[in-house]
Amino acid sequence: FQWLNLTMTAPANAQAAALAPLGKRTHVTGTDAITSITTTNLKAGDELTFIFDSTATLTDGNNIKAAGNLSATADDTWTGVYDGTNVYEVGRSVN
């Protein structure tokens, strides 16, 4: 088991974006809506935690299966587990 804490910047333009995690624990510094998660380097059972450094919205839909949208602010977190197709919410913390 290896902890990775790498930074990923959600695009700063006005479009919704796919988030491509750079590790299992990823800081999200952008402000755009996240509408899907790029799963290229994931395998079934991988757990992801996004730590928000700014205001971004994680949108329930596409391959993100969440308990509704998350309008994040700094220090909020969202955790999901990948099943090989979708990323299912495990929990969130609004700090």
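Above: the structure in question.
Right, let's walk through the structure included here.

**Some thoughts on unusual backbone geometry**
So, point 1. Backbone geometry places Asn62, a non-glycine residue, at a positive phi of 50°.
So, point 2. Here Asn62 shows up in the loop between strand 6 (57-58) and strand 7 (64-65).
So, point 3. The class of Asn62 is exposed, set by a relative accessible area of 56%.

**Some words on the pairing of strand 10 (residues 87-93)**
So, point 1. When strand 7 meets strand 10, the two strands line up parallel, connected through two bridges. From the neighbouring strand, Ile64 faces strand 10, where its bridge partner is Val87.
So, point 2. Bridge analysis of strand 9 (residues 77-82) against strand 10 gives six bridges, and the strand direction is antiparallel. Within strand 10, the position partnered with Thr79 by the bridge is Gly91.

**Things to note about the side chain of Asn86**
So, point 1. Relative to the helices and strands, Asn86 is located in the loop between strand 9 and strand 10.
So, point 2. Judged by its relative accessible area of 14%, Asn86 is buried.
So, point 3. With near-sequence residues (within four places) excluded, Asn86 lies in contact with Asn62, Asn63, Lys65 and Val81.

The rules behind each value
Residues numbered from 1 in each chain as written. Predicted model: local features only at pLDDT ≥ 70, side-chain atom pairs only at ≥ 80, totals over all residues. Heavy atoms only, no water. Helix = DSSP H or I, 4+ residues; strand = E, 2+ residues; numbered from the N terminus. Buried < 20%, exposed > 50% of the residue type's maximum accessible area, 1.4 Å probe, protein only. Pairing = 2+ DSSP bridges. Contact = heavy atoms within 4.5 Å.

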